[in-house]
Amino acid sequence: MARKYGGQFSPEGRTEGGVKAPPAPALRPPMRGRARVTILMALAAVPVLHAFVGTGSATEFVGDLAAAAALFGGAVLTREGLKAEAAWAERRVARRPGWPRKAMGAAAIGLGVTLAAMTGLGGLIPAIVYGAVAAGLHVASFGLDPMRDKGMEGVDTFQTDRVARTIEDAEKYLAQMHDAVLRARDREATTRVERLAAKAREMFRTVEDDPRDLTAARKYLGVYLMGARDAAAKFADIYATSRDTEARTEFFGLLDELERGFDTKRETLLITDRTDLEVEIEVLRDRLKRDGLPMGD
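Conventions adopted
Residues numbered from 1 in each chain as written. Predicted model: local features only at pLDDT ≥ 70, side-chain atom pairs only at ≥ 80, totals over all residues. Heavy atoms only, no water. Helix = DSSP H or I, 4+ residues; strand = E, 2+ residues; numbered from the N terminus. Buried < 20%, exposed > 50% of the residue type's maximum accessible area, 1.4 Å probe, protein only. Contact = heavy atoms within 4.5 Å. Salt bridge = Lys/Arg side-chain N within 4 Å of Asp/Glu carboxyl O. Axes fitted to C-alpha atoms, helices over the stretch in contact; angles between N-to-C directions. Parallel < 35°, antiparallel > 145°, perpendicular 65-115°, else oblique. Left-handed = near helix turned anticlockwise from the far one by under 90°. Nonpolar A, V, L, I, M, F, W, Y, C, P; charged D, E, K, R; others polar. Polar contact = N/O pair within 3.5 Å; in protein donor to acceptor, adjacent residues only side chain to side chain. Core = buried A, V, L, I, M, F, W, Y, C linked by side-chain atoms within 4.5 Å. Patch = residues over 30% accessible without salt bridge, like charges linked within 9 Å, V, L, I, M, F, W, Y side chains within 5 Å. Areas by Shrake-Rupley, 256 points an atom, 1.4 Å probe, with all protein chains shown as cover. pLDDT = per-residue confidence, 0-100.

**Student:** A description of the side chain of threonine 206 should follow, citing residues and the corresponding values.
**Tutor:** When you line up the elements, threonine 206 lands in helix 7 (residues 187–209). Taking relative accessible area as the criterion, threonine 206 reaches 5% and is therefore assigned buried. Every residue in contact with threonine 206, bar those within four places of it in the chain, is listed here: Asp213, Arg266, Leu269 and Leu270.

**Student:** Go over the environment of glutamate 168 with me, naming the residues and quoting the values.
**Tutor:** Among the secondary structure elements, glutamate 168 is positioned in helix 6 (residues 157–182). Under the relative-accessibility criterion, glutamate 168 is labelled partly exposed at 45%. Placed 53 residues apart in sequence, glutamate 168 and leucine 221 show a C-alpha to C-alpha distance of 9.7 Å.

**Student:** Account for the pattern of salt bridges, naming residues and giving values.
**Tutor:** Across all of its chains, the model carries ten salt bridges by this definition. Aspartate 263 is the salt-bridge partner of lysine 199, the closest N and O atoms lying 3.2 Å from each other. Linking lysine 199 in helix 7 with aspartate 263 in helix 10 (residues 245–290), this pair joins segments that are 64 residues apart in sequence. Its relative accessible area of 34% is what places aspartate 263 among the partly exposed residues. Put simply, aspartate 230 and arginine 229 hold a salt bridge, and the shortest N to O gap is 3.1 Å. You can call aspartate 230 partly exposed: its relative accessible area is 34%. Via salt bridges that share partners, Arg79, Glu80 and Lys83 belong to a single interconnected network.

**Student:** A description of the packing of helix 7 against helix 8 (residues 214–221) should follow, citing residues and the corresponding values.
**Tutor:** Relative to each other, helix 7 and helix 8 sit at 155°, their axes nearing to 11 Å. Taken together, the axes of helix 7 and helix 8 lie roughly antiparallel to each other. Seen along the crossing, helix 7 lies across helix 8 with a hand that is left-handed. Residues Met203, Phe204 and Val207 of helix 7 form the contact with helix 8, whose own contacting residues are Leu214, Ala217, Tyr220 and Leu221. In the contact of helix 7 with helix 8, the residues fall into seven nonpolar, no polar and no charged.

**Student:** Please give an account of the environment of threonine 241 that cites residues and values.
**Tutor:** Locating threonine 241 in the fold gives a position in helix 9 (residues 223–242). When the C-alpha atoms of threonine 241 and arginine 183 are compared, they prove to be 9.9 Å apart, with 58 residues separating the residues in sequence. Side-chain polar atoms of threonine 241 contact the backbone oxygen of aspartate 237, separated by 3.2 Å.

**Student:** Give a description of unusual backbone geometry that names residues and reports values.
**Tutor:** In this structure, arginine 185 is a non-glycine residue whose phi angle is positive, near 55°. Along the polypeptide, arginine 185 turns up in the loop between helix 6 and helix 7. With relative accessibility at 74%, the residue arginine 185 sits in the exposed group. In the Ramachandran plot, arginine 243 falls in the positive-phi region, its phi being about 50° despite a non-glycine side chain. Along the polypeptide, arginine 243 turns up in the loop between helix 9 and helix 10. What makes arginine 243 partly exposed here is its relative accessible area of 39%.

**Student:** Help me get a handle on the nonpolar core, residues and values and all.
**Tutor:** One broad rule of soluble globular proteins: the nonpolar side chains tend to lie buried together. Grouped together as the largest cluster of nonpolar side chains are 33 residues, with contacts concentrated most on Phe204, Val207, Leu221, Leu225 and Phe251. Going through the elements one at a time, helix 6, helix 7, helix 8, helix 9 and helix 10 are the ones with two or more residues in this core. In this structure, Val37, Leu40, Leu82 and Ala134 belong to the second largest nonpolar core, which totals nine residues.

**Student:** Before we move on, can you summarise a nonpolar patch on the surface with the specific residues and values?
**Tutor:** Side chains of Met118, Leu124, Ile125, Ile128, Val129, Val133 and Leu137 sit close together on the surface and give an oily, nonpolar patch of about 650 Å² of accessible area. Mapping leucine 124 onto the fold places it in helix 5 (residues 124–142).

**Student:** Provide a residue-level description of the confidence of the model for the chain, including the pertinent values.
**Tutor:** Scored by pLDDT, the chain has a mean of 78; 74% of the residues are at 70 or more. At the level of individual helices and strands, the chain shows its lowest average pLDDT in helix 10, which scores 76, and its highest in helix 5, which scores 91. In this model residues 1–27 is a low-confidence stretch, pLDDT under 50, and it forms 28 contacts with partners more than four residues away in sequence or in other chains.

Right, here's the structure in full:
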């Protein structure tokens with residue numbers, strides 16, 4: 001009977017101790033609206049083609065190029081706005097984006113359509129109407145940027161700002177580590193790095209839920225991830241040229257240790273949070289008893 005291959009370092013293989021390796025993290029869903037943003041970027045080529053193929057004046061030529069720049073810039077702003085919205089939606093505690101990228105993208109798209117229409121309609125008013133309609137359709141398609149903070153009620157804003165800055169830096173380390181390991185051209189190495197990133201993001205969410213945990217988790221969010229990024233870069237440089245299996249084994253061992261460390265530390269933070277809750281409950285019960293209020297068993 002045919003048998004599915006599975007080795008020590010395969011995604012569904014076993015570790016040296018005979019324990020089944022944890023499954024790879026589920027892939028994130030594609031960014032919402034990515035295909036529509038790609039279409040917007042492609043539309044920027046239409047005014048460029050018209051500028052070089054058409055027989056208009058120099059003013060129309062410049063207007064077409066300006067329209068293409070506005071359309072492409074609007075698409076880029078929209079893409080960045082979608083990224084910011086996805087990050088806002090993923091977190092339980094989050095501030096609204098610092099500046100409205102999607103709204104600015106809608107304005108840029110409207111400007112681009114206005115400039116493009118001016119060369120073909122021969123009038124400013126019809127072009128403005130087309131631009132306004134395009135901006136409105138952009139808002140209807142992509143929506144507006146998040147306009148409120150989420151989960152900030154009763155939370156120390158100074159602490160949440162510290163957490164946000166620390167997690168932003170940690171996300172940069174994860175992205176750099178992922179980009180570095182891609183150079184190794186090893187599917188299992190990429191999977192293992194993604195699994196570590198999933199573990200790290202679980203701790204991110206834990207710290208966001210209780211910003212007081214930041215001090216205890218700072219090494220994991222900073223020093224350890226920075227070291228993992230540097231190790232990934234060195235591994236990729238070595239493995240891409242020599243396919244050194246010993247370097248691969250050592251790198252995977254480091255990732256295993258980091259995964260265990262993140263799991264242990266996150267569990268410690270959760271236990272500490274539960275302990276703090278139990279202490280608060282016991283203190284409240286003692287106060288109720290002292291006030292002579294009846295207490296249930």
